[in-house]
Amino acid sequence: MEEINTDSTQRCFLFYSSADAALAGILTEAQIAAGLQSCQAADSFNYKTFYIKVGLNSKTKDQLSKVFGILDQDRSGFIEEDELKLFLQNFSASGRALTDAETKEFLAGDSDGDGRIGGDEFQALVKS
Ligand SMILES: [Ca+2]
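Residues numbered from 1 in each chain as written. Predicted model: local features only at pLDDT ≥ 70, side-chain atom pairs only at ≥ 80, totals over all residues. Heavy atoms only, no water.

Turning our eyes to something else, we now look at the nonpolar core. Among soluble globular proteins, nonpolar side chains are generally buried collectively. Of all hydrophobic cores here, the largest spans 28 residues; its most connected members are F50, Y51, F87 and F122. Looking at this core, the elements that each hand over two or more residues are α3 (29-37), α4 (47-54), α5 (61-71) and α8 (119-127). Contact partners of F50, with chain neighbours within four places excluded, come to G35, L36, S38, C39, F45, F87, L88 and F91. (Core = buried A, V, L, I, M, F, W, Y, C linked by side-chain atoms within 4.5 Å. Buried < 20%, exposed > 50% of the residue type's maximum accessible area, 1.4 Å probe, protein only. Helix = DSSP H or I, 4+ residues; strand = E, 2+ residues; numbered from the N terminus. Contact = heavy atoms within 4.5 Å.)

This brings us to the pattern of salt bridges. Applying the stated criterion across every chain yields a total of 3 salt bridges. Ionic pairing is found between R96 and E102, a salt bridge with its closest N-O pair at 2.8 Å. Where R116 meets D114, a salt bridge forms, and the shortest distance between an N and an O atom there is 3.1 Å. (Salt bridge = Lys/Arg side-chain N within 4 Å of Asp/Glu carboxyl O.)

UniProt's feature table lists "binding site: Ca(2+)" (unreviewed entry) at D72, D74, S76, F78, E83, D110, D112, D114 and E121, given in the numbering used throughout. Mapped onto the fold, F78 is located in strand β1 (residues 78-79). Judged by relative accessible area, F78 falls into the partly exposed class, the value being 24%. Ignoring anything within four residues of it in the chain, the contact list for F78 reads F68, D72, E83, D114, R116, I117 and G118. Tracing the sequence through the fold places E121 in helix α8. Judged by relative accessible area, which is 9%, E121 ranks as buried. (UniProt positions renumbered as here; feature names shortened; annotations may be inferred.)

Turning our eyes to something else, we now look at α4. Each turn of an α-helix holds 3.6 residues, which means side chains three or four residues apart point in the same direction. Three or more residues of α4 are buried, namely Y47, F50, Y51 and V54. Burial along α4 is one-sided: seen end-on, the buried residues are contained in an arc of 95°. On its buried side, α4 packs onto α3, α7 (100-106) and α8. Among the residues trailing α4, G55 stands out with phi positive, at a value near 85°. (Arc of directions from axis to C-beta.)

Rendered as structure tokens:
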């Protein structure tokens with residue numbers, strides 16, 4: 001009995017100490033790789049293509065809320081321009097920063113014009 005308890009404690013520790021586990025628990029490695037592959041060159045990022053490649057378009061509202069919470073790094077309730085720019089780094093630490101043009105295009109999903117992406121706007125973008 002004692003051995004089993006020790007084992008599960010260690011597993012919990014490993015889970016919580018793995019910094020990049022958050023999105024990995026929702027998306028597969030292959031999906032993340034396919035998404036990053038689709039936008040390797042500067043100015044080739046297209047959010048619609050990317051969301052489909054990583055499989056976000058087939059996720060539930062709850063799963064997308066979790067993803068949104070990860071992308072909203074400062075927990076402000078919105079994905080601001082600086083968070084959009086580093087969007088790819090949530091999928092892989094080696095992801096590149098988006099160019100200014102790509103970031104601006106991404107902000108086209110800001111339907112209420114406040115200069116940032118809210119939770120509802122994110123859900124709408126993914127499903128568009
Ligand atoms: Ca934010």
